[in-house]
Amino acid sequence: MATPGDFKIARSVLTGYTADNELHRALTILRNEGINPEVVVEFAAERDGIFCGINEVKTLLGRVLPETGREVWALEEGATVSPGEVALRITAPYGSFGLYETALCGTLS
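Residues numbered from 1 in each chain as written. Predicted model: local features only at pLDDT ≥ 70, side-chain atom pairs only at ≥ 80, totals over all residues. Heavy atoms only, no water.

1. Some remarks on the nonpolar core
Then, number 1: Membership of the largest hydrophobic core comes to 29 residues, with the highest contact counts inside it found for Phe 51, Leu 60, Leu 61, Leu 88 and Ile 90.
Then, number 2: Those elements that provide at least two residues to this core are α2 (21-33), α3 (54-64), β5 (86-93), α4 (94-97) and α5 (101-108).
Then, number 3: Looking at this core element by element, the count peaks at five residues for α3.
Then, number 4: Excluding residues that lie within four positions of it along the chain, Leu 61 makes contacts with Arg 70, Val 72, Ile 90, Phe 97 and Leu 104. (Core = buried A, V, L, I, M, F, W, Y, C linked by side-chain atoms within 4.5 Å. Buried < 20%, exposed > 50% of the residue type's maximum accessible area, 1.4 Å probe, protein only. Helix = DSSP H or I, 4+ residues; strand = E, 2+ residues; numbered from the N terminus. Contact = heavy atoms within 4.5 Å.)

See below:
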């Protein structure tokens, strides 16, 4: 099984090329306003399933989140999830990871 750090993140993901346009716009607005709020973002299952992709997600978050002022909680890889169950929670400044929401959702779906 892969462990955080074993997964190679594509340059297109790190540069934000794969991000949705609204994420680019949101970060531009926040930068122009000079704000970077700390937020809590939760990713929940839409239906019953097996939680997969968290090792890759942890690798990406390890690259982009600040060393301090962050908190990441997640179910274990392979855990059973139910509809509405929170599988991943990130607490950090939005500007550090907001651009990667598309990649996070895609990896976990």
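2. A few points about the packing of α3 against α5
Then, number 1: At a minimum axis separation of 9 Å, α3 and α5 run at an interaxial angle of 160°. Judged on the interaxial angle alone, α5 and α3 are roughly antiparallel. Along this stretch, α3 crosses α5, giving a crossing that reads as right-handed. Between α3 and α5, the residues in contact are Ile 54, Glu 56, Val 57, Leu 60 and Leu 61 and Ala 103, Leu 104, Thr 107 and Leu 108, respectively. (Axes fitted to C-alpha atoms, helices over the stretch in contact; angles between N-to-C directions. Parallel < 35°, antiparallel > 145°, perpendicular 65-115°, else oblique. Left-handed = near helix turned anticlockwise from the far one by under 90°.)

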